[in-house]
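So the chains spell out like this:
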Amino acid sequence: MNRVAVVGAGMTKFVRRAMETPKELAYEAVKMALDSCQLTIKDVGCVVAGSAVDCFDGVHMKGEYLSDGSGGSRKPFMRHSVGGGTGVFSCIHGWMHVASGLFDICVVVAEEKMSSCQPHPQGAFLTVYDNTIERPLGLNLLWIVAQEMHHYMKTNGYSSEDVALVSVKNKGNALNHPAAMLGAKLTVEDVVNSEIISWPVHRLDISATSDGAAAIVLASESLAYRITDKPVWIEGVGYNLDTWYWTSRDLAYPIYVEKAARMAYEMAGIKEPQKEVHIAEPYDPFNFKELQNMEALLLADRGKAVQLTADGVTSREGNMPVCPSGGLLGVGNPISAAAVMKICEIFWQLRGEAGERQVPGNPKCGLAQAWGDMMQCGTVVILRK
Amino acid sequence: MVYLKKGVGVMTRKVAVVGIGHYGFRSVSPEVSFREMIYESATRAYEDAGLEPMDIDGFVTAGEDWHEGHSIADEITPDQLGAVKRPVFTVNGDAMHAFISAYMHILTGQMSICMVESRSKASNIVNSHEITAMALDPIYNRPLEENPYFIAGLEMNRYLYESGNTREQCAQVVVKNKRNAMKNPNAGHGAKLDLEDILNSEAVSYPLTSLDISPHSDGCVVFILAEAEMARTLSKNPIWIQGVGWCTETPSLERRDWGRSFCTRHASQMAYKMARINFPRKDIQFAEISDEFSYKELQHMEDLNLCHRGEAGFLASEGATDFDGDLPINPSGGTLGVGNLQEANGALKILEVVAQLRGEAGKRQLKDVKLGLAHTWRGLPTTSGAVVILSNA
């Protein structure tokens, strides 16, 4: 199998970007990623774009629309989507382009501009439900997430205070992230006393919608060391989709994430994830999701994720830092871009370039994961230096 | 110009199409939902390849949210493909992009059998022009509130002016493709027409008339791809992928090349390089190329290097591209004859090339064909295209 390295990364600030079009956001991220490894768009063989929902930007065929801003003009260009899992999948799709042996250098960019969806992007989520059975109920995403959160907390015996620990940790971590929009010093009381949106989901349990883009540059083995001294290798990739009929799934445990993780671990030759993965960026659009995903990624035993968080194992100075970037809860959640941000973070952490966010102990292996579609998709990437 | 890595084509693993299945194609399909359509096609593909869902390593689908009427439309795909709790992803592009993604995934060595699915349920769409208009730039172009066919009219004008081909020669393409479709039991829009019918049909955007435009169809196409060793065990007549190429020019109406199809030229150069084809005119025996508008077939022939610039119209009017001509183009009837399948257009093209190379094309079977080319263009208002070259040996 051809090895593929991440050699550059870049991202825009995540915040409402009323002044920029989606194309410009994509351009900004790609330019930063290319600059970081001293390449120009002329060196790039192909471009891969990820973007979750056309409704947010309000553009049909969003891939085509983004193609020139992403640097894909007059180049092989493809767009893919797996809902919220799109970001990490972007990296996998880019990996395919290079690992297949067809290209040497591939730019991967993910962009989402949610603020143009008025009055609130939650309105667009109504259109992810079944046209006949569910849409007439006028649902948004929180309604279904509340069911999952409740089921997960009840199964594992967690309280609102337990899951609030994640919000406190991640929003605290984000204080050091220059692109973050929601860094804050909070206490568990702040979180559980915030407004209830859809029980048991509190306002501070949720990551905020945002605008932004993030990009990485991938290179083949023969070129990676010519571009940089510190390439970060993509060692494992995995993705998995469960049934669309969410009523027939186990809402407490995302088996699809476990399957995706096992696929990636097998490729990376990882037998004991808890020992071999040093740093993780699981998907945390809601605080309970980080805990649930850690368990499904086999990074925590089932029902033990809260204990790890409470003990500080997952803090930035802990044994296994989880979401040292601040995650979606802290940095913001422009859906597909947020998950590429996680790949960027692992890249910077493994290279020791994370600045104030740098975790101690010289981590060698990192994992990024995203979750998406109708709560049915898991995508996992394992990076090693 | 072509960014392919050195040595591609020599070192690349071989991948073949081992199973095909489709449902349709008809202008309406009230008897099935789009999920049932996918189920039907997938079942046929499994049967064709002699496989079960558990034998497939990964699934790739193609679709656009706004054509499905569903945000995150990829979430609906796993169940009816037999892909629940399996690796599945969606390419928001033409089926040929999805096909190429599956091909690349097999080349990486992580998977050895992949399934590709794409579908069209265009009859469910009541405001297709308005949806297409939403693909225009929201700031510069959308406020003009034009029907997007104006782009095709402008482009046709420019193309005819630059290449020297004539309006009548474009009409000849419609006559040929609708005639070819009469022999194709899957085609929904076959007809016996003459030049006058097309020239006198309702004007849409000068010089484009209504019969120059491919009418929409419903249908679904599924392929199963496998790496060489597996393909030889699975199939008596695997159809080998010799080369692939794809390209996007620019979404901007202001900056694109209106006379030529840049993406087609670039994508085909990439595919020819991979397939090590130096003289496409000589080596390609037949081609299924995008003919969403009549002039597009001529333009694409020229940019695929299947003839010289300005020669395509002559070849069409002399009958060289007819079913029994020297270079049969769109023996299936193309999208003009079969119908425009939106994202599945690329799949329709590959489907026909595979059927011809297998010798299963029935009444429209071409004689002694070994190497065929499938090409697609994503339709208005895009400048994205892809090429796949297939052979049966």
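Residues numbered from 1 in each chain as written. Chains lettered and ligands numbered in written order. Predicted model: local features only at pLDDT ≥ 70, side-chain atom pairs only at ≥ 80, totals over all residues. Heavy atoms only, no water.

A. Looking closely at the overall build of chain A. Counting secondary structure elements, chain A contains 15 helices and eleven strands. Overall size of chain A, expressed as C-alpha extent along the three principal axes, is 50 × 45 × 35 Å. Contacts in chain A between residues at least 24 apart in sequence constitute 77% of all its contacts with a sequence separation of at least 6. When the accessible surface of chain A is summed, it comes to about 12100 Å², and 52% of that surface belongs to carbon and sulfur atoms. Counting 35 positive and 42 negative side-chain charges, chain A places the centres of these two groups 4 Å from one another. (Helix = DSSP H or I, 4+ residues; strand = E, 2+ residues; numbered from the N terminus. Contact = heavy atoms within 4.5 Å. Areas by Shrake-Rupley, 256 points an atom, 1.4 Å probe, with all protein chains shown as cover. Lys, Arg positive; Asp, Glu negative; His and termini not counted. Charge placed at Lys NZ, Arg CZ, Asp CG, Glu CD.)

B. View of the state of the cysteines. All names here are of chain A. In total, this model carries zero disulfides over all chains according to the counting rule given. The structure places no disulfide on C37, whose sulfur is separated from the nearest cysteine sulfur, that of C344, by 12 Å. Taking relative accessible area as the criterion, C37 reaches 5% and is therefore assigned buried. (Disulfide = S-S within 2.5 Å. Buried < 20%, exposed > 50% of the residue type's maximum accessible area, 1.4 Å probe, protein only.)

C. Representation of the interface of chain B and chain A. Of the residues lining the interface, 66 residues belong to chain B; the matching set on chain A comes to 64 residues. A buried area of about 5500 Å², summed over both sides, lies between chain B and chain A, and 58% of it is on carbon and sulfur atoms. The largest contributions to the chain B side of the interface with chain A come from Y3, K5 and K85 of chain B, which together make up 13% of the buried area. Where chain B touches chain A, the interface holds five salt bridges. The salt bridge partner of R74 of chain A is E249 of chain B, with a shortest N-O separation of 3.3 Å. For the pair chain B and chain A, the number of links is 30 residue pairs in polar contact (both at pLDDT 80 or more). For the side of chain B that touches chain A, the secondary-structure elements that each account for two or more residues are α2 (65-68), α3 (78-81), β3 (88-91), α4 (95-108), α5 (128-133), β8 (239-248) and α10 (262-275) of chain B. The element contributing the most residues to the side of chain B that touches chain A is α4 of chain B, with seven residues. (Buried area = accessible area lost by both parts, 1.4 Å probe. Salt bridge = Lys/Arg side-chain N within 4 Å of Asp/Glu carboxyl O. Polar contact = N/O pair within 3.5 Å; in protein donor to acceptor, adjacent residues only side chain to side chain.)

D. Summary view of the nonpolar core. Ranked by size, the top nonpolar core spans 194 residues in total, and within it I216 and I234 of chain A together with F223, I224, L225 and L390 of chain B carry the most contacts. Per element, the largest residue contribution to this core is twelve residues, and it comes from helix α15 (residues 335-351) of chain A. Beyond its immediate sequence surroundings of up to four residues, I224 of chain B is in contact with A16, V17, V18, G19, A45, Y46, A49, L51, I56, I113, C114 and M115 of chain B. Membership of the second largest hydrophobic core comes to 49 residues, among which are L136, C263, I289 and L298 of chain B. (Core = buried A, V, L, I, M, F, W, Y, C linked by side-chain atoms within 4.5 Å.)

E. Fine view of the packing of aromatic side chains. For the structure shown, the criterion picks out 18 aromatic pairs over all chains. Each ring, one from W244 of chain A and one from Y245 of chain A, has its centre 5.4 Å from the other, and the planes form 65°; the classification is edge-to-face. Classification of W244 of chain A as buried rests on a relative accessible area of 3%. Ring centres of Y149 of chain B and F293 of chain B lie 5.9 Å apart, and the angle between their planes is 90°; this geometry places the pair in the edge-to-face category. Separated by 144 residues along the polypeptide, Y149 of chain B in helix α6 (residues 149-163) and F293 of chain B in the loop between β9 (286-288) and α12 (294-303) bring together distant segments of the chain. Both residues of the pair, Y149 of chain B and F293 of chain B, count as buried. Directly above the ring of F262 of chain B sits R74 of chain A, whose terminal nitrogen or CZ lies 3.8 Å from the centroid. Sitting over the ring of Y253 of chain A, R302 of chain A keeps its end group 3.8 Å from the ring centre. (Phe/Tyr/Trp six-rings, centres within 6.5 Å; stacked < 30°, edge-to-face > 60°. Lys NZ or Arg CZ within 6 Å of the ring centre and 35° of its normal.)

F. Just the confidence of the model for chain B, in detail. Looking at chain B, the pLDDT average stands at 94 and 98% of residues meet or exceed 70. As scored by the predictor, the complex reaches a pTM of 0.97 and an ipTM of 0.96. (pLDDT = per-residue confidence, 0-100.)

G. How the structure looks around the pairing of strand β1 (residues 15-26) of chain B. Residues and elements named next belong to chain B. Counted residue by residue, β1 has ten buried out of twelve residues, so it is predominantly covered. One ladder, built from ten bridges, connects β1 with strand β7 (residues 218-227); its direction is antiparallel. Paired with G21 across the strands is V222, a residue of β7. Summarising the sheet, β1 and β8 pair through two bridges and their orientation is antiparallel. Its bridge partner being in β8, A16 is matched across the sheet by W240. (Pairing = 2+ DSSP bridges.)

H. Up close: the packing of helix α4 (residues 86-99) of chain A against α4 of chain B. Axis separation between α4 of chain A and α4 of chain B bottoms out at 8 Å; the angle between their running directions is 65°. By the criterion of interaxial angle, the relationship of α4 of chain A to α4 of chain B is roughly perpendicular. Here the hand of the crossing between α4 of chain A and α4 of chain B comes out left-handed. Between α4 of chain A, through H93, W95, M96, H97 and A99 of chain A, and α4 of chain B, the contact on the second element is made entirely by S101, M104, H105, L107 and T108 of chain B. Considering only residue class, the contact of α4 of chain A with α4 of chain B consists of five nonpolar, five polar and no charged. (Axes fitted to C-alpha atoms, helices over the stretch in contact; angles between N-to-C directions. Parallel < 35°, antiparallel > 145°, perpendicular 65-115°, else oblique. Left-handed = near helix turned anticlockwise from the far one by under 90°. Nonpolar A, V, L, I, M, F, W, Y, C, P; charged D, E, K, R; others polar.)

I. Focus on α10 of chain B. Residue and element names in this part refer to chain B. An ideal rise of 1.5 Å per residue puts 20 Å on 14 residues; α10 measures up with 20 Å between its terminal C-alpha atoms. A large share of α10 lies buried, amounting to eleven of its 14 residues. F262, C263, T264, H266, A267, S268, M270, A271, Y272, M274 and A275 are the residues of α10 that are buried. Where α10 is buried, its residues meet α4, β8, α11 (280-283), α12, β10 (371-377) and β11 (384-391). Residue R276 follows α10 closely and has a positive phi angle near 50°. (Expected span 1.5 Å × (residues − 1).)

J. Quick peek at the side chain of N92 of chain B. Tracing the backbone shows N92 of chain B in the loop between β3 and α4. N92 of chain B gets classed as buried once you look at its relative accessible area, which sits at 4%. Reaching out from N92 of chain B, the side chain makes a polar contact with the backbone nitrogen of S81 of chain A at a distance of 3.1 Å. Setting aside residues up to four positions removed in sequence, N92 of chain B forms contacts with R79, H80 and S81 of chain A together with G63, E64, D65 and R378 of chain B.

K. Structural context of the environment of Q356 of chain B. Residues and elements named next belong to chain B. The residue Q356 is located in helix α15 (residues 345-358) in this model. A C-alpha to C-alpha distance of 9.0 Å links Q356 and P331, two positions 25 residues apart in sequence. Residues within four places of Q356 in sequence aside, it is in contact with F286, P331, A361, R364, Q365, L366 and V369.

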